[in-house]
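Here is how the chains run, residue by residue.
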Amino acid sequence: MTFLASPRVEAFFDTDSSTFTYVLYSGDGSDCAIIDSVLNFEPKACRTHTTSADAIIAFVRSRELRVQWLLETHAHADHLSAAPYLQQVLGGMIAVGSGILKVQNAFQKIFHLSPDVKLDGSQFGHLFEPDEQFNVGPLTLRAMHVPGHTPADVAYVVDGAADEPALAFVGDTLFMPDVGSARCDFPGGSAYTLYRSVQRLLQLPPQTLLLLCHDYPPDGRLPSFETTVAQQRLANIHLRDSVTEDEFVEMRQRRDATLGMPALILPAIQVNIQAGELPPPEANGVRYLKIPLNVL
Ligand SMILES: [Fe+2]
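So, how was this worked out
Residues numbered from 1 in each chain as written. Predicted model: local features only at pLDDT ≥ 70, side-chain atom pairs only at ≥ 80, totals over all residues. Heavy atoms only, no water. Donors = N, O, S within 2.8 Å, 3.2 Å for Na, K, Ca; no water. Helix = DSSP H or I, 4+ residues; strand = E, 2+ residues; numbered from the N terminus. Buried < 20%, exposed > 50% of the residue type's maximum accessible area, 1.4 Å probe, protein only. Salt bridge = Lys/Arg side-chain N within 4 Å of Asp/Glu carboxyl O. Pairing = 2+ DSSP bridges. Right-handed = clockwise from strand over helix to strand, strands pointing away. 1 Å grid on protein atoms, 1.4 Å probe; cavity = no way out; pocket = protein on both sides within 12 Å on 5 of 7 lines; lining within 4 Å. Points joined across faces, edges and corners; volume = space filled by probe spheres on them. Nonpolar A, V, L, I, M, F, W, Y, C, P; charged D, E, K, R; others polar. Axes fitted to C-alpha atoms, helices over the stretch in contact; angles between N-to-C directions. Left-handed = near helix turned anticlockwise from the far one by under 90°. Contact = heavy atoms within 4.5 Å.

Bound to the iron ion are the protein donor atoms H74 (NE2), H149 (NE2) and D172 (OD), situated 2.0 to 2.4 Å from the metal. Look at where the donors of the iron ion fall in the sequence and you get H-x74-H-x22-D. In this pair, H74 sits in the loop between strand 6 (66–71) and helix 2 (83–90) while H149 sits in the loop between strand 10 (139–145) and strand 11 (154–158), placing the two residues 75 residues apart along the sequence. Accessibility assignment for this pair places H74 and H149 in one class, buried.

What follows is the structure, encoded as structure tokens:
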């Protein structure tokens, strides 16, 4: 008889960017994946540090885990990825959805990056095609493409063991039911596309646990990282079952028009489209980011 291993998840919260980073594993000493890591960035001084990533490293070491994958749900606009730092310390393959090529091309125009910067996704160790399956130790995952917030968003769906619900790391698609959905106004984003992606997520079994990339809790509620398909279909303020595509698109576009750009979009995107690699040092040993004027 074969027993499926149970997925185990440890969640970490980066308070500066309201980001959840997850470690997915199946037991002490198992293989693991780290999903959506954060490199801390102090914008006023333009200094990076690794406090958030070091907490992940401590957890991985305490459970004697082997890092197989460093997964990104998309090229984040609100924080820099710590994947290269974690890879240097712990190993693992950095991966994202194959839609990253569209994001690289869109932002190459905005940043006018050096011709040395490849636009073929080769900075990443692996690019997932739609519904590609892969493993984290004994766990089977599926890279479900869920574009809309950006063209490269992926939800990583994990089969549950017998009698256990499946899990899905949904990235920036749905947020908690009282927060709603991710914005769709970045280059290549589309509210229509997000609506259709979310409908596919909501076809997962009702008890499926949805693990979020962010939470922005309304007054008085503590940050929360998990919800279920059933809760979202019943109560999501933007995407519950009764909301039509046209209603969602009208609401999302109206709301996005009121939102300012994320504080770290310019530093974050130019690093994250290159798998989190910081620009190489110039002759004086200092790394420089580019800040385009009047393009966003
Ligand atoms: Fe995002």
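As a further point, take the pattern of salt bridges. Within the structure shown, the criterion is met by ten salt bridges. Where D28 meets R63, a salt bridge forms, and the shortest distance between an N and an O atom there is 3.5 Å. On the criterion of sequence distance, the pair formed by D28 in the loop between strand 2 (19–25) and strand 3 (31–35) and R63 in the loop between helix 1 (51–62) and strand 6 is long-range, its members being 35 residues apart. D31 serves as the salt-bridge partner of R66, at 3.0 Å between the closest nitrogen and oxygen. One end of the pair, R66, is in strand 6; the other, D31, is in strand 3, and 35 residues separate them in sequence. When its relative accessible area of 46% is taken as the criterion, R66 is described as partly exposed. Bridged by salt links that share partners, the residues D178, D215 and R221 form one connected network.

What follows is about the pairing of strand 13 (residues 209–212). In this sheet, strand 13 lies alongside strand 12 (residues 167–171) in parallel orientation, the contact comprising four bridges. Paired with L167 across the strands is L209, a residue of strand 13. Viewed along the sheet, the connection from strand 12 through helix 4 (residues 191–201) into strand 13 turns out right-handed. Bridging between strand 13 and strand 14 (residues 226–228) involves three bridges; their strand directions are antiparallel. Paired with L211 across the bridge in strand 14 is E226.

A few words on the layout of surface pockets. Considering only enclosed or pocket space, the largest pocket measures out at about 590 Å³ in volume. If you go around the largest pocket, you meet 33 residues; those closest to its centre are S17, D78, H214, Y216 and P262. Breaking the lining of the largest pocket down by element, the ones donating at least two residues are strand 4 (40–42) and helix 6 (245–256). Among the residues making up the lining of the largest pocket, the classes are represented as 14 nonpolar, eleven polar and eight charged. The volume enclosed by the second largest pocket comes to roughly 290 Å³. Around the second largest pocket sit 14 residues that line it, and V117, Q274, P279, P280 and Y288 are the ones nearest its centre. For the lining of the second largest pocket, the residue count by class is eight nonpolar, three polar and three charged.

Let us now look at the packing of helix 1 against helix 2. Where helix 1 meets helix 2, the closest approach of the two axes is 10 Å, and the angle between their N-to-C directions is 30°. You can see that helix 1 and helix 2 cross each other, and the crossing is right-handed. Of the residues in helix 2, those in contact with A53, D54, I56, I57, V60 and R61 of helix 1 are Y85, L86, V89 and L90. Its residues placed into classes, the contact of helix 1 with helix 2 shows eight nonpolar, no polar and two charged.

One non-glycine residue with positive phi stands out, namely H112, at about 45°. The residue H112 is located in the loop between helix 3 (100–111) and strand 8 (126–128) in this model. The exposed category is assigned to H112, whose relative accessible area is 60%. At A275, a position not held by glycine, the phi torsion is positive, near 60°.

Keep in mind that these numbers describe shape and distance, not what the molecule does.
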